[in-house]
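# Structural characterization, general
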Amino acid sequence: MLVGFALLDSSRILAQSVSTDQVPEVSRKYQLLREDEDWTFLRNPELKQDRWDQIKYIPFHRNAASSYLTIAGEAREVWEQIGNDNWGQEPYTNGYLNERYMLSFDFHYGEHISSFVELKSGLNSFRDGGPRPIDEKKLDFQAGFLEVGTAGSTNWVKLRTGRQEMEYGSGRLIDVREGPNVRLSFDGFKIKSNLNAWKIDGFAMRPDLDNPGFFDNAPNHAVGFWGVYSTRALTKSISMDAYYLGLDRKRATFERGTARELRHTIGSRIYRAQSAEKAGWDFDDEALWQFGTFGSANIKAWTVASDTGYSLPNMRLKPRFSAKADISSGDNPQTNSLGTFNPLFPMGNYFGVLATTGPGPLNFVDIHPRVQTQLPRSVTVSTDWLFQWRENVLDGVYSVPGTLIRAAGNSRARYVGDRPGTEVRWQADRHIWFQADYGVFYPGGFLKQTQPSRNLNYWALWAGYKF
């Protein structure tokens, strides 16, 4: 499949020469959410450079520039291999192939109405124990929504209803789950607005239950999710987010047991993106408080997360040196307040490689140094080392989505372990990319005391094509 795409792409259509003063500022970057892309600059036929440009702006009417269709898609193949998953609870090497295919249609019916439809197919082969929900979905709608609203560049309001993806902030709390084979989607409605300097979204959703068959997904009626998320620029380089998020799960399980969870999250994030032009600091700091009820108990949980880096884009390899330092609360079952932080719907690769295995961002303290470099021919290399402890020794270790994978038992050791990892990515051209990941998680005192405690090995080879 990828070879066919590559051959098709090799016969690109070169654009005619256009003087600098005739070319508007445009972006050909493929977005994580494909509905965020804007290809209306292709109304100018002289800006067409790529064979796929023919389907990026398909006008409905010759004299109505705002009525058009955009078609997009991707194919992705991943060979993933995990040895001693959960540190030996599955004491064998499990290797399998994941395939993902997505195709989207973005319809615009003038300035006030649009609709977006995206199909997904995730296939899994060779996995011992069969595919997990994050591995396989034969065919279904990843998204299918209608959006209506006002027009304007400074102040506008839009209502979106139907199945849709959500991605906010750094992905610590709400993310599309790009790493796993099957991305996450929600059913419900969202009100999007731009009010002067503020962008504010309000939403009420239910996450999709990914069943493995054909068009058999359904909203999870046991989980409700709602909230308000706002963001604005403070200076030219510094921005902030502020949000409230509500979660209602009829059946939730933590170390202390299973009960209904009604959790409220209030938080804020301040960040400065790394510069691509001159040396300087960047940062991404976030803090939040969670409260509510868990059965008859209260909820009192929190987290503080930081990512601070220094980039040298003018040096040969354009290195960035960074370190994350994060902490999230754990639980003391002897009290009447659940203290385990809930990351809600976090990104799959919260800690880099080891995206689909533990540990996750619950009841943890970590230090996470990282070095990123850019080699010739669009090759990037990232090397990191994760060191992780338990925040509360009376609580266990959880997976990334929040499932308990190792109970506290009688251990009072804090150190969970450490994981060195490397990621190499080659962006062969604007469509084709390849990636290799490798990591080993070495068990610490807690895992050795609770057993099993084998080294967890992970590697993956990726290949993808986007248009």
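Since the model is a prediction, treat every value here as computed from it, not as a measurement. (Residues numbered from 1 in each chain as written. Predicted model: local features only at pLDDT ≥ 70, side-chain atom pairs only at ≥ 80, totals over all residues. Heavy atoms only, no water.)

Before going further, it helps to examine the overall build of the protein. When its secondary structure is counted, the protein shows three helices and 23 strands. Compactness check: the protein gives a C-alpha radius of gyration of 23 Å against a globular reference of 23 Å for 467 residues, within 12% of the reference. Projecting the C-alpha coordinates of the protein onto the three principal axes gives extents of approximately 70 × 50 × 45 Å. Within the protein, the fraction of its 467 residues that count as buried is 50%. Partitioning the contacts of the protein with sequence separation of at least 6, the portion at a separation of at least 24 is 60%. Working note: accessible area of the protein is about 21400 Å², and carbon and sulfur atoms make up 58% of it. One way to put it: in the protein the 54 positive side-chain charges average out to a point 2 Å from where the 53 negative ones average out. (Helix = DSSP H or I, 4+ residues; strand = E, 2+ residues; numbered from the N terminus. Rg over C-alpha atoms; globule rule 2.2 N^0.38 Å. Buried < 20%, exposed > 50% of the residue type's maximum accessible area, 1.4 Å probe, protein only. Contact = heavy atoms within 4.5 Å. Areas by Shrake-Rupley, 256 points an atom, 1.4 Å probe, with all protein chains shown as cover. Lys, Arg positive; Asp, Glu negative; His and termini not counted. Charge placed at Lys NZ, Arg CZ, Asp CG, Glu CD.)

Another aspect to go through is the pairing of strand β5 (residues 137-149). The sheet contact formed by strand β4 (residues 113-125) and β5 spans nine bridges and is antiparallel. By the bridge assignment, S114 is partnered in β5 with E147. With six bridges connecting them, β5 and strand β6 (residues 155-164) associate as antiparallel partners. Note on β6: the bridge partner recorded for L146 is T161. Between the antiparallel neighbours β5 and β6 lie five residues, among them G152 with a positive phi of about 140°. (Pairing = 2+ DSSP bridges.)

Let's shift gears to the nonpolar core. Grouped burial of nonpolar side chains is what soluble globular proteins tend to show. By size, the foremost hydrophobic cluster in this structure holds 27 residues, and its most contacted members are M166, L173, I174, F203, F225, L245 and F345. Residue contributions to this core peak at five residues, all from strand β11 (residues 238-254). In this view, F203 contacts M166, Y168, I174, F189, K190, F225, W226, G227 and L245; residues no more than four positions away in its chain are not counted. W433, L447, L456 and A460 belong to the second-largest nonpolar core, a separate cluster that totals 18 residues. (Core = buried A, V, L, I, M, F, W, Y, C linked by side-chain atoms within 4.5 Å.)

Another aspect to go through is the packing of aromatic side chains. Inspection of every chain in the model, using the stated rule, returns 25 aromatic pairs. A ring pair is formed by W389 and Y415, whose centres lie 5.4 Å apart and whose planes are at 50°; its orientation type is tilted. Of this pair, W389 sits in strand β18 (residues 379-389) while Y415 sits in strand β21 (residues 415-427), and the two are 26 residues apart along the sequence. Of the aromatic side chains, those joined through ring pairs into one cluster are Y168, F186, F203, F225, Y229, Y243 and F345. A cation over an aromatic ring shows up here: R127 above the ring of Y96, its NZ or CZ 5.7 Å from the ring centre. Above the plane of the ring of F145 lies R160, whose end atom (NZ or CZ) is 4.1 Å from the centre. (Phe/Tyr/Trp six-rings, centres within 6.5 Å; stacked < 30°, edge-to-face > 60°. Lys NZ or Arg CZ within 6 Å of the ring centre and 35° of its normal.)

For the rest of this paragraph, the subject is a nonpolar patch on the surface. A cluster of nonpolar side chains, contributed by F60, Y109, I113, L146, V148, V157, L159, F189, I191 and L195, occupies part of the molecular surface with about 800 Å² of accessible area. Within the residue set of the nonpolar patch, elements represented by two or more residues are β5, β6 and β7 (186-195). Within the secondary structure, I191 is located in strand β7. Relative accessible area serves as the criterion here: at 39%, I191 is assigned to the partly exposed category. (Patch = residues over 30% accessible without salt bridge, like charges linked within 9 Å, V, L, I, M, F, W, Y side chains within 5 Å. Salt bridge = Lys/Arg side-chain N within 4 Å of Asp/Glu carboxyl O.)

Here the protein averages 92 in pLDDT, while 94% of its residues score no lower than 70. A low-confidence stretch, residues 1-23 stays under pLDDT 50, and its non-local contacts, those more than four residues away or across chains, total 40 contacts. (pLDDT = per-residue confidence, 0-100.)

Omega for the peptide link from Q451 to P452 comes to -5°, which places this bond in the cis form. Here P452 shows up in the loop between α3 (445-450) and β23 (456-466). One non-glycine residue with positive phi stands out, namely F215, at about 50°. Since its relative accessible area comes to 42%, F215 is described here as partly exposed. Look at S378: it is not a glycine, yet its phi comes out positive at around 60°. Here S378 shows up in the loop between β17 (364-375) and β18. Judged by its relative accessible area of 48%, S378 falls in the partly exposed class.

Inspection of the entire model under this criterion finds 32 salt bridges. Across the pair D331 and R256 runs a salt bridge whose closest N-O atoms are separated by 2.9 Å. With D331 in the loop between β15 (320-328) and β16 (337-338) and R256 in the loop between β11 and β12 (257-272), this pair connects stretches of sequence that are 75 residues apart. In this structure, the salt-bridge partner of R320 is D282, at a minimum N-O distance of 2.6 Å. Taken as a pair, R320 in strand β15 and D282 in strand β13 (residues 280-294) lie far apart in primary sequence, 38 residues in all. By relative accessible area, which is 7% here, R320 ends up buried. Linked by salt bridges that have partners in common, E74, R76, R100, E165, E178 and R183 make up one network.

What follows covers the pairing of β23. By the criterion of burial, β23 is predominantly enclosed, with eight of the 11 residues buried. As judged from the 10 bridges shared by strand β2 (residues 64-84) and β23, these two strands associate in the antiparallel manner. Pairing of W79 across the sheet is with L461, part of β23. Bridge analysis of strand β22 (residues 432-443) against β23 gives 10 bridges, and the strand direction is antiparallel. Following the sheet pairing, D437 is matched in β23 by A460.

On to the side chain of S311, then. With respect to the element layout, S311 can be found in strand β14 (residues 297-311). S311 sits in the buried class, given a relative accessible area of 3%. With residues near it in sequence (within four places) discarded, S311 still touches Q274, S275, A279, G280, D282, P319 and R320.

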